[in-house]
Amino acid sequence: MALEHAILVSLTEQSGTGYELARRFDKSMGFFVGASHQQIYRTLKRMDADGWVTCEAVAQEGRPDKKVYTASESGRAELRRWIAERGQPSQVREELGVKLRGAAHGDPAALLAEITRHRDLHAERLELYRLIEKRDFPAPDRLTGTQLHQYLVLRGGIRVEEGFAQWCAEVLDALSPPTTT
């Protein structure tokens, strides 16, 4: 998936400036697609040149005009093409798994500390996702359209974080030295 497709999805939900898109990525889309603000601005410029977005200059008092981007019909066609495209199954590419495979050749205490850190980070993200679910989707059985799609992606994120945190806990249980009493 290219950053362009993530931006097109976001712009089909709501037009916005580069700054607004970057904020949306920070709050939601960025959990699935990593992009710096600079990457978003560069990509928008390229998408504008390719005709995938339109850009409207909006005058502001005492400030430079802001550029509001909207997905063009050409961009929507590209999004439809990409959604229909048959992709490869997702692969988990996790450095931590490779470190675990090589554990016999490293520092066991350092590996346990790293696994603990990952467990804690995934538990924090899981808590954040659950807060978002509670705040933004209090009645999931009544959702339709874009809101239902957003909710289902969030549920996928919750399941991934639950699984990863549980796996880290399992690894820690298996590798931690037994305690003596």
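Thresholds applied
- Residues numbered from 1 in each chain as written.
- Predicted model: local features only at pLDDT ≥ 70, side-chain atom pairs only at ≥ 80, totals over all residues.
- Heavy atoms only, no water.
- Salt bridge = Lys/Arg side-chain N within 4 Å of Asp/Glu carboxyl O.
- Buried < 20%, exposed > 50% of the residue type's maximum accessible area, 1.4 Å probe, protein only.
- Pairing = 2+ DSSP bridges.
- Helix = DSSP H or I, 4+ residues; strand = E, 2+ residues; numbered from the N terminus.
- UniProt positions renumbered as here; feature names shortened; annotations may be inferred.
- Core = buried A, V, L, I, M, F, W, Y, C linked by side-chain atoms within 4.5 Å.
- Contact = heavy atoms within 4.5 Å.
- Polar contact = N/O pair within 3.5 Å; in protein donor to acceptor, adjacent residues only side chain to side chain.

### With respect to the pattern of salt bridges
Next up, step 1: Applying the stated criterion across every chain, the model contains twelve salt bridges.
Next up, step 2: A salt bridge links Glu 85 to Arg 81; its shortest N-O distance comes to 2.8 Å.
Next up, step 3: Given a relative accessible area of 41%, Arg 81 falls into the partly exposed group.
Next up, step 4: Between Arg 119 and Asp 120 there is a salt bridge, with the nearest N and O atoms lying 3.0 Å from each other.
Next up, step 5: What makes Arg 119 partly exposed here is its relative accessible area of 28%.
Next up, step 6: When its relative accessible area of 33% is taken as the criterion, Asp 120 is described as partly exposed.

### Here we look at the pairing of strand β2 (residues 63-71)
Next up, step 1: Here seven bridges tie strand β1 (residues 53-60) to β2, and the two strands are oriented antiparallel to one another. Within β2, the position partnered with Cys 55 by the bridge is Tyr 69.
Next up, step 2: Connecting β1 to the next strand, β2, in antiparallel fashion are two residues, including Gly 62 with a positive phi near 70°.

### So, the UniProt feature "domain: Transcription regulator PadR N-terminal" (unreviewed entry) in the protein
Next up, step 1: What UniProt calls "domain: Transcription regulator PadR N-terminal" (unreviewed entry) maps, in this numbering, to residues 7-80.
Next up, step 2: Regarding residues 7-80, the helix share stands at 53% and the strand share at 23%, and the terminal C-alpha atoms are separated by 14 Å.

### Quick look at the nonpolar core
For soluble globular proteins, the rule of thumb is that nonpolar side chains tend to be buried together.
Next up, step 1: Core analysis: the largest hydrophobic core is formed by 19 residues, its most contacted members being Ile 7, Leu 8, Leu 11, Phe 25, Ile 40 and Leu 44.
Next up, step 2: Sort the elements by how many residues they give to this core and helix α1 (residues 3-13) lands first, with five residues.
Next up, step 3: Leave out the neighbours within four places in its chain, and Leu 8 touches Met 47, Trp 52, Val 53, Ala 71, Gly 75, Glu 78 and Leu 79.

### Brief notes about the side chain of His 5
Next up, step 1: Inspection of the secondary structure assignment puts His 5 in helix α1.
Next up, step 2: Residue His 5 is classed as buried on the basis of its relative accessible area, which comes to 7%.
Next up, step 3: A polar contact of 2.7 Å, which involves the side chain of His 5, links it to the side chain of Glu 78.
Next up, step 4: Among residues more than four places away in sequence, those in contact with His 5 are Glu 78, Leu 79, Arg 81 and Trp 82.

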